[in-house]
Structures are given as structure tokens and as C-alpha cells.
Amino acid sequence: MAQRTLTGRCLCEKVTYQVDLPATEPEPKVILCHCTSCKRYTGSSFSSNLVLPQPSMTYTQGAPKIHLCPSDRELPVRREFCGDCGTPLTSQPGDNQSIIIVKWGTLDDEHREWCGTLGAEIYCKRRDEWVGEIGSVRGVEGMK
Ligand SMILES: [Zn+2]
Ligand SMILES: [Zn+2]
């Protein structure tokens with residue numbers, strides 16, 4: 001079966017992963033989560049995610065650390081991150097192990113365009129007010 005492959009890595013590059021999507025799987029879209037756990041987990045206002053069928057994601061180098069995060073669901077959310085540099089890599093609802101949620105920002109550059117369409121925003125009650133202003137103010141080019 002034809003598969004489409006995405007790869008990604010943490011900031012220090014000790015942990016790398018690969019996603020092999022079956023040909024039947026539609027192009028994944030970006031899901032933003034504004035929940036308070038994601039704010040803390042990412043250190044940002046929201047998390048950017050790809051919700052993918054599991055087992056499509058495997059680690060190709062290194063091993064992440066695991067944090068079981070209490071949630072508003074019955075079972076804790078499993079969050080995997082690099083223990084050396086702290087990069088958040090995945091989250092997975094405890095009650096639905098048929099999906100894996102990959103943090104979009106950890107994708108390698110060449111894969112961003114293909115699955116770079118915004119699909120949905122969740123936990124919008126926690127959406128910070130300034131988020132809607134992204135794109136409306138002058139941008140400054142950075143390093144990378
Ligand atoms: Zn790392
Ligand atoms: Zn969240």
C-alpha cells in the first residue's frame with residue numbers, strides 16, 4: 001500500500017520520529033488547541049497539532065519522556081516530550097489510543113506545506129484575545 005511519510009524532530013535533535021500515513025488517510029489538517037494544559041505544555045498561547053491514526057507514528061531515534069496529564073476526560077492525557085531539550089512532541093487522550101496527536105511545530109520543514117491547512121480550533125473558550133490579531137500587525141523577519 002502506498003504510504004506518505006512525514007518526519008520531525010525535537011530541538012536538540014536527539015529524538016526524531018516518522019509518520020507513515022496510509023494512502024487512504026486524508027491530508028491531515030492543523031488543529032489548534034487553546035486549552036490551559038496546552039498553553040503550559042507548549043509555553044505558548046495554543047498548541048498546533050496534527051491528529052493522526054496510531055500506529056502511524058514511530059520514533060526513529062531516541063526515546064521521549066512521558067507525562068500523564070490530568071484532563072477533563074476520565075483518563076489522563078499522555079504527553080511525550082524530549083527529556084533533554086523539553087520539546088513537546090505528542091499528546092494522546094487516555095481513552096482513545098487509536099489516535100496520536102503530533103505537535104505540528106516539530107515537523108521537518110519540507111513537510112509543513114503538505115499538511116499546513118488550518119482545519120479546526122478547539123477549547124476556544126480559552127482562546128487568548130490577541131490571537132485573532134496575528135497577521136494584522138507588522139511582521140519582522142527573524143533568524144530561522
Ligand atoms: Zn531534544
Ligand atoms: Zn489542549
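Residues numbered from 1 in each chain as written. Chains lettered and ligands numbered in written order. Predicted model: local features only at pLDDT ≥ 70, side-chain atom pairs only at ≥ 80, totals over all residues. Heavy atoms only, no water.

**A closer look at the coordination of the zinc ion (ligand 2)**
So, point 1. The coordination sphere of the zinc ion (ligand 2) contains the protein donors Cys33 (SG), Cys35 (SG) and Cys38 (SG), at a distance range of 2.1 to 2.3 Å.
So, point 2. Each donor residue of the zinc ion (ligand 2) belongs to the same chain, with the gaps between them written as C-x1-C-x2-C.
So, point 3. Judged by its relative accessible area of 5%, Cys38 falls in the buried class. (Donors = N, O, S within 2.8 Å, 3.2 Å for Na, K, Ca; no water. Buried < 20%, exposed > 50% of the residue type's maximum accessible area, 1.4 Å probe, protein only.)

**Here we look at the pattern of salt bridges**
So, point 1. Counted under the stated rule, the structure contains 7 salt bridges.
So, point 2. The partner of Arg9 in a salt bridge is Asp108, with the nearest N and O atoms 2.3 Å apart. One end of the pair, Arg9, is in strand E1 (residues 3-9); the other, Asp108, is in the loop between strand E9 (99-103) and strand E10 (118-122), and 99 residues separate them in sequence.
So, point 3. Judged by relative accessible area, which is 11%, Asp108 ranks as buried.
So, point 4. Notably, a salt bridge pairs Asp128 with Lys39, separated by 2.9 Å at the nearest N-O pair. (Salt bridge = Lys/Arg side-chain N within 4 Å of Asp/Glu carboxyl O. Helix = DSSP H or I, 4+ residues; strand = E, 2+ residues; numbered from the N terminus.)

**Focus on the coordination of the zinc ion (ligand 1)**
So, point 1. Protein coordination of the zinc ion (ligand 1) is provided by Cys10 (SG), Cys12 (SG), Cys82 (SG) and Cys85 (SG), with donor distances spanning 2.3 to 2.4 Å.
So, point 2. Viewed at the metal, the 4 donor atoms of the zinc ion (ligand 1) are separated by angles of 107 to 112°, and the geometry they form is tetrahedral.
So, point 3. Read from N- to C-terminus, the donor residues coordinating the zinc ion (ligand 1) fall into the pattern C-x1-C-x69-C-x2-C.
So, point 4. Residue Cys10 is classed as buried on the basis of its relative accessible area, which comes to 2%.
So, point 5. With a relative accessible area of 31%, Cys12 lands in the partly exposed category. (Tetrahedral: all angles 85-135°; square planar, octahedral: opposite > 155°, others 65-115°.)

**Digging into the packing of aromatic side chains**
So, point 1. Counted under the stated rule, the structure contains 0 aromatic pairs.
So, point 2. Note that Arg79 overlies the ring of Tyr41, its terminal NZ or CZ placed 4.5 Å from the centroid.
So, point 3. The positively charged end of Arg112 is found above the aromatic ring belonging to Trp104, 5.1 Å away from the centroid. (Phe/Tyr/Trp six-rings, centres within 6.5 Å; stacked < 30°, edge-to-face > 60°. Lys NZ or Arg CZ within 6 Å of the ring centre and 35° of its normal.)

**A short note on the UniProt feature "domain: CENP-V/GFA" (unreviewed entry) in the protein**
So, point 1. This chain's UniProt record puts "domain: CENP-V/GFA" (unreviewed entry) on residues 6-124.
So, point 2. Spanning residues 6-124, this segment combines 6% helix with 44% strand, and its end C-alpha atoms are found 28 Å apart. (UniProt positions renumbered as here; feature names shortened; annotations may be inferred.)

**A short note on the nonpolar core**
So, point 1. By size, the foremost hydrophobic cluster in this structure holds 20 residues, and its most contacted members are Leu6, Tyr17, Val19, Leu50, Leu52 and Leu107.
So, point 2. Elements supplying a minimum of two residues to this core: strand E2 (16-22), strand E3 (30-33), strand E4 (47-53) and E9.
So, point 3. Here the element with the most residues in this core is E2; it accounts for 3 residues. (Core = buried A, V, L, I, M, F, W, Y, C linked by side-chain atoms within 4.5 Å.)

**A short note on the sheet that holds strand E6 (residues 65-69)**
By definition, the strands of a sheet pair up through backbone hydrogen bonds, in either a parallel or an antiparallel sense.
So, point 1. Here we have 7 strands laid out as an open sheet, ordered E6-E7-E8-E9-E4-E3-E10, and mixed in their pairing. Each edge of the sheet is formed by a strand with only one pairing partner; in this case those strands are E6 and E10. Strand-to-strand twist across the sheet, computed as the mean angle between neighbouring axes with direction ignored, equals 30°.
So, point 2. Of the pairings in the sheet, the one linking strand E8 (residues 88-92) to E9 comprises 2 bridges and is antiparallel in character. When the sheet's bridge partners are listed, Thr90 is paired in E9 with Val102. (Pairing = 2+ DSSP bridges. Axes fitted to C-alpha atoms, helices over the stretch in contact; angles between N-to-C directions.)

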